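# Fold and geometry: a report
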Amino acid sequence: MDRITPRVDALREAGAQALALLLPVACGGCGLQGTALCGRCREALRPTPRRREIAGLSVWSGGAFDGARARAVRALKERGRTDLARALAPGLRAALRAAVAGCAGPVVVVPVPTSRGAMRRRGYRVPELLIRRAGMRPARLLVAARVTGDQRALDRAGRARNAAGSLRAGPAASGLRVVVVDDVLTTGATLSEARRALEAAGATVVAAAVAADTPLRSENPRNHPGSRLYRSRVNNGSLDDEPDRHARTSSA
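So, a few notes on the structure that sits alongside this text. (Residues numbered from 1 in each chain as written. Predicted model: local features only at pLDDT ≥ 70, side-chain atom pairs only at ≥ 80, totals over all residues. Heavy atoms only, no water.)

### A word on the overall build of the protein chain
- The helix and strand tally for the protein chain stands at nine helices and seven strands.
- Residue burial in the protein chain is summarised as follows: out of 252 residues, 53% are buried.
- Contacts in the protein chain between residues at least 24 apart in sequence constitute 75% of all its contacts with a sequence separation of at least 6. (Helix = DSSP H or I, 4+ residues; strand = E, 2+ residues; numbered from the N terminus. Buried < 20%, exposed > 50% of the residue type's maximum accessible area, 1.4 Å probe, protein only. Contact = heavy atoms within 4.5 Å.)

Here it is as structure tokens:
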């Protein structure tokens, strides 16, 4: 993993971490009181790397977005549980190792950007926090290019239309070999758009890595975007795997 340069953790999430320490402690995977992460859920978060192909792009995941892993990701993203980033980081680290296996020379880790609204709401950027907790250095080469809508209840085609043209990368990306990182993979629309933007700027995208991936329809139909069960979970707030990242055009 020495091909991906480590960096000192940024301090932007310090306030959110301090707040998390002051709140009543409950397991981020099952809700058990009195512990930040119980033994059973910690075991469930052990890396189980898996690979999916998205329009020719290899995407490596630390494990399935289901059960304790899904609940921990949602708690990190929507309930300020930044402490859970350390528990999820080994999965992302394993995914990154698999993503760069066989690559000669340096590879830059590029997070999918967080929207200005999400940054205001949370106080931290989830993909960047996960990258840092995995011991890597995030390079902010991608920014939002236009406003997009909330895509959580959209089907595959709708997500692709929503994400198309929503990101851009500057000239600093030219000539770099990169791996794109996001927190969760669903249909791959966001990662595909990130790849397009980076390659348009002259970068080579070797692969992508995520902390978790939503099981395919054949694995778990209720997690498939567009299904009635999936839309119901979005509407009642029980699912949040790909928030509207670009609700406001931003360099965040």
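### A word on the side chain of S61
- Examined against the element boundaries, S61 turns out to sit in strand β2 (residues 57-61).
- A polar atom in the side chain of S61 sits 2.8 Å from the backbone oxygen of G63.
- A polar atom in the side chain of S61 sits 2.8 Å from the side chain of D213.
- Filtering out sequence-adjacent residues up to four positions away, S61 remains in contact with T48, P49, R50, A95, V210, A211, A212 and D213. (Polar contact = N/O pair within 3.5 Å; in protein donor to acceptor, adjacent residues only side chain to side chain.)

### Some words on the environment of L57
- The topology assignment puts L57 in strand β2.
- As a C-alpha pair, L57 and V206 span 149 residues in sequence and 7.8 Å in three-dimensional space.
- For L57, the contacting residues outside a window of four places in its chain are R52, L191, R195, V205, A207 and A208.

### Some remarks on the packing of helix α3 (residues 67-78) against helix α4 (residues 84-100)
- Direction vectors running N to C along α3 and α4 enclose 130°, while the axes themselves pass 10 Å from each other. With respect to α4, the axis of α3 lies oblique. Judged by the twist between their axes, the crossing of α3 over α4 is left-handed. Contact with α3, carried on its side by R69, A72, V73, A75 and L76, involves L84, A85 and L88 of α4 and no other residues of that element.
- When its residues are assigned to classes, the contact of α3 with α4 shows seven nonpolar, no polar and one charged. (Axes fitted to C-alpha atoms, helices over the stretch in contact; angles between N-to-C directions. Parallel < 35°, antiparallel > 145°, perpendicular 65-115°, else oblique. Left-handed = near helix turned anticlockwise from the far one by under 90°. Nonpolar A, V, L, I, M, F, W, Y, C, P; charged D, E, K, R; others polar.)

### Here we look at the nonpolar core
- In terms of nonpolar packing, the biggest core is built from 39 residues, with L76, L96, L130 and V179 touching the most fellow members.
- Elements with a minimum of two residues in this core: α3, α4, α6 (126-133), β6 (177-185) and β7 (204-213).
- The element best represented in this core is α4, accounting for ten residues.
- V59, A169, V178 and V205 belong to the second largest nonpolar core, which has 23 residues in total. (Core = buried A, V, L, I, M, F, W, Y, C linked by side-chain atoms within 4.5 Å.)

### A short note on the pattern of salt bridges
- Using the criterion set out here, one finds twelve salt bridges in the structure.
- A salt bridge links R52 to D213; the shortest N-O distance between them is 3.7 Å. Of this pair, R52 sits in strand β1 (residues 50-54) while D213 sits in strand β7, and the two are 161 residues apart along the sequence. Across the pair, D213 and R52 agree in class, each one buried.
- As a salt-bridge pair, D183 and K77 come within 3.6 Å of each other at their nearest N and O atoms. One end of the pair, D183, is in strand β6; the other, K77, is in helix α3, and 106 residues separate them in sequence. Neither D183 nor K77 differs from the other in exposure class; each is buried.
- Within the structure, one salt-bridge network assembled from shared partners comprises R50, R52 and D213. (Salt bridge = Lys/Arg side-chain N within 4 Å of Asp/Glu carboxyl O.)

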